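# Summary of the model geometry
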Amino acid sequence: MFDSARDRFLINVRDPACVVALDAGTGVIRAQLTVSGAGPHGLDLDAGGERAFVASDAGVVVALDLTQDQEIGSLPIGGEPDATWFNAERQLLYVAIGEPGVIDVVDCQHMLLKERVTTEQGAHTTAFDARRQRLYVFLPTSCRAAVYEELNDG
């Protein structure tokens with residue numbers, strides 16, 4: 001994942017559990033950000049908020065402050081994650097968890113689980129369309145795709 005504000009790449013490292021920041025120009029390690037959940041897997045950025053969100057195989061989402069290069073919060077999720085997508089407009093993180101087949105929706109302002117949406121077992125491939133506010137989930141067992149759309153409250 002490219003952190004344009006700091007001209008570096010962020011890369012999950014399974015063991016030891018961390019995110020390594022590589023200088024975009026030289027490839028030199030600039031920082032190693034420790035992650036409290038074992039097996040960092042999913043990674044997405046909130047460029048405007050200068051945060052990164054890491055979903056780990058330990059069943060936890062961790063928030064990292066990219067200005068201080070340190071963990072600032074975490075919360076448990078429903079299992080080992082696959083794909084993650086950050087919705088900057090709504091400050092939500094969508095975490096696909098193939099087993100048991102759910103999307104955990106994390107409120108990133110408060111680091112709380114907002115919603116758990118049942119998909120189907122094995123559903124872990126997703127795509128997010130920020131302009132249309134739609135999350136596409138590919139359902140391998142039934143050979144379908146589900147579309148979830150964020151609607152305006154009120």
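Here the structure is a predicted model, which is why all the values come from computation and not from measurement.

Conventions and cut-offs
Residues numbered from 1 in each chain as written. Predicted model: local features only at pLDDT ≥ 70, side-chain atom pairs only at ≥ 80, totals over all residues. Heavy atoms only, no water. Pairing = 2+ DSSP bridges. Helix = DSSP H or I, 4+ residues; strand = E, 2+ residues; numbered from the N terminus. Phe/Tyr/Trp six-rings, centres within 6.5 Å; stacked < 30°, edge-to-face > 60°. Buried < 20%, exposed > 50% of the residue type's maximum accessible area, 1.4 Å probe, protein only. Patch = residues over 30% accessible without salt bridge, like charges linked within 9 Å, V, L, I, M, F, W, Y side chains within 5 Å. Areas by Shrake-Rupley, 256 points an atom, 1.4 Å probe, with all protein chains shown as cover. Salt bridge = Lys/Arg side-chain N within 4 Å of Asp/Glu carboxyl O. Contact = heavy atoms within 4.5 Å.

## So, the sheet that holds strand E2 (residues 8-13)
Taken in spatial order, the four strands make up an open sheet running E1-E2-E3-E4, and their pairing is antiparallel. Looking at strand neighbours, the two that pair on one side only are strand E1 (2-3) and strand E4 (29-34), the edges of this open sheet. Sheet topology note: the E2/strand E3 (residues 18-23) ladder contains six bridges and is antiparallel. If you follow Asn12 over to E3, its bridge partner there is Val19.

## Here's the deal with the packing of aromatic side chains
Taken as a whole and judged by the stated rule, the model has three aromatic pairs. Plain terms: the ring middles of Phe53 and Phe86 are 5.3 Å apart, the flat faces sit at 20° to each other, and that makes the pair stacked. Within this pair, whereas Phe53 is found in strand E6 (residues 51-56), its partner Phe86 is found in strand E9 (residues 84-87), the two being separated by 33 residues in sequence. Accessibility assignment for this pair places Phe53 and Phe86 in one class, buried. Note on Tyr94 and Phe128: the rings are 5.3 Å apart at their centroids and 50° apart in plane angle, and the pair reads as tilted. Here the residue Tyr94 occupies a position in strand E10 (residues 92-97), and Phe128 occupies one in strand E13 (residues 125-129), the gap between them amounting to 34 residues. Given the relative accessible area of 4%, Tyr94 is considered buried.

## Examining the pairing of strand E12 (residues 112-118)
Inspection of the sheet shows strand E11 (residues 102-107) paired to E12 by six bridges, in the antiparallel sense. Counterpart to Val105 in the pairing with E12 is Glu115. Hairpin remark: E11 followed by E12, antiparallel, with four residues in the connecting loop; positive phi at Met111, about 50°.

## Thoughts on a nonpolar patch on the surface
A cluster of nonpolar side chains, Phe2, Phe9 and Ile11, forms an exposed patch at the surface whose accessible area comes to about 250 Å². Inspection of the secondary structure puts Phe9 in strand E2. For Phe9, a relative accessible area of 38% puts it in the partly exposed group.

## Some remarks on the environment of Ala96
Mapped onto the elements, Ala96 comes out in strand E10. Relative accessible area serves as the criterion here: at 1%, Ala96 is assigned to the buried category. Aside from chain neighbours lying at most four places away, what touches Ala96 is Glu80, Pro81, Asp82, Ala83, Val102, Ile103, Ala123, His124 and Thr126.

## Quick look at the pattern of salt bridges
Within this structure, the stated rule accounts for ten salt bridges. With its nearest N and O atoms 2.9 Å apart, the salt bridge here joins Asp3 to Arg8. Taken individually, Asp3 and Arg8 each receive the classification buried, so the pair is uniform in this respect. A salt bridge links Asp57 to Arg14; the shortest N-O distance between them is 2.5 Å. Here the residue Asp57 occupies a position in the loop between E6 and strand E7 (60-65), and Arg14 occupies one in the loop between E2 and E3, the gap between them amounting to 43 residues. Classification of Asp57 as buried rests on a relative accessible area of 18%. The exposure class assigned to Arg14 is exposed, which follows from its relative accessible area of 56%.

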